[in-house]
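Descriptive structure summary
What follows is each chain in one-letter form.
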Amino acid sequence: MHHDGERNRLQGALSTRDFGLGSLLEQPRLGGISLHATTEGVIDRESGPSLYYYSTISELDFNRVKYDSLTLSGTVAGKLYQASLHSASAIADFSLDATADMRRTVPRYDLSLDLRRADLRAMRLNLRDSVSLLALQLQGGITLPSINEMDGMAWIPDAYSRSNDTRLRCDLFSVQALKRGEMRHLELESPYLDARFSS
């Protein structure tokens, strides 16, 4: 770390090999992790941190399954946080992007997931079927002043699942939650199922 007047400049790197992350966090389903991470940026007394980080995860043990080919990167700009997680493994191939905007009076969170392929049997999430595959796209954004005042929407533009000989495709599914005064409204809609539910 280098001090420059009102700003602190920092740069660093971290490497681990089969580090017992699960034991540290007291999470029995989480095992060891091997990674290499770097970060650089500045911390300003007035505007806050401005950082960039990037890490490659060569191995992660979760639920007795080993994942590889993971990358995690992101930025911190004051009270705006952005992160991207990508996986190119045979078990789970996906891209996840998330943003948390804490600059607003009411915090806002946005999420985008492109799950190209997930082998649920190999992930030990569905051991009942000999074949269990899932693919979907998910996008959403919510404001969250408190857990009882969630306001936002999430939608799945495309989803596909296969279990043994059963195949299912859904073109659109949306969930909307609104808070207006003392009224709370939840709406689920899917043209694929020709159904709409409100409460």
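This is a predicted model, so every value here is computed, not measured.

1. Digging into the nonpolar core
- If you look at the biggest cluster of nonpolar residues, it comprises 20 residues, and the most contacted ones within it are Ile 57, Leu 60, Tyr 67, Leu 70, Phe 94, Leu 115 and Met 123.
- Looking at this core, the elements that each hand over two or more residues are strand E3 (30-44), strand E4 (48-62), strand E5 (65-67), strand E8 (92-101) and strand E9 (108-119).
- Top contributing element to this core by residue count: E3, with 4 residues.
- Not counting chain neighbours up to four residues away, the residues in contact with Leu 115 comprise Asp 93, Phe 94, Leu 134, Ala 135 and Leu 136.

2. Considering the pattern of salt bridges
- This structure, assessed with the given rule, holds 7 salt bridges.
- Here Asp 101 ties to Arg 103 by a salt bridge, and the two come within 2.9 Å at their closest N and O atoms.
- Residue Asp 101 is classed as buried on the basis of its relative accessible area of 13%.
- On the accessibility criterion, Arg 103 (56% relative accessible area) is exposed.
- A salt bridge links Arg 128 to Asp 129; its shortest N-O distance comes to 3.5 Å.
- Judged by relative accessible area, which is 71%, Arg 128 ranks as exposed.
- Residue classification places Asp 129 among the buried residues on the basis of a relative accessible area of 10%.

3. Digging into the environment of Ser 50
- Assignment of secondary structure puts Ser 50 in strand E4.
- Relative accessible area serves as the criterion here: at 40%, Ser 50 is assigned to the partly exposed category.
- Residues Ser 50 and Thr 75, 25 residues apart in the sequence, show an inter-C-alpha distance of 7.3 Å.
- Sequence-distant contacts of Ser 50, defined by excluding residues within four places in its chain, comprise Glu 40, Gly 41, Val 42 and Val 76.

4. Notes on the side chain of Ser 132
- Relative to the helices and strands, Ser 132 resides in strand E10 (residues 132-143).
- On the accessibility criterion, Ser 132 (2% relative accessible area) is buried.
- A polar atom in the side chain of Ser 132 sits 3.0 Å from the side chain of Asn 126.

5. Considering unusual backbone geometry
- The phi torsion at Glu 26 lies on the positive side, around 55°, for a residue other than glycine.
- With respect to the helices, strands and loops of the structure, Glu 26 is situated in the loop between helix H1 (21-25) and E3.
- Phi angles above zero are rare outside glycine, and Arg 124 is one such case at about 65°.
- With respect to the helices and strands, Arg 124 occurs in the loop between E9 and E10.
- In this structure Arg 124 comes out as partly exposed when scored by relative accessible area, which is 31%.

Criteria and thresholds
Residues numbered from 1 in each chain as written. Predicted model: local features only at pLDDT ≥ 70, side-chain atom pairs only at ≥ 80, totals over all residues. Heavy atoms only, no water. Core = buried A, V, L, I, M, F, W, Y, C linked by side-chain atoms within 4.5 Å. Buried < 20%, exposed > 50% of the residue type's maximum accessible area, 1.4 Å probe, protein only. Helix = DSSP H or I, 4+ residues; strand = E, 2+ residues; numbered from the N terminus. Contact = heavy atoms within 4.5 Å. Salt bridge = Lys/Arg side-chain N within 4 Å of Asp/Glu carboxyl O. Polar contact = N/O pair within 3.5 Å; in protein donor to acceptor, adjacent residues only side chain to side chain.

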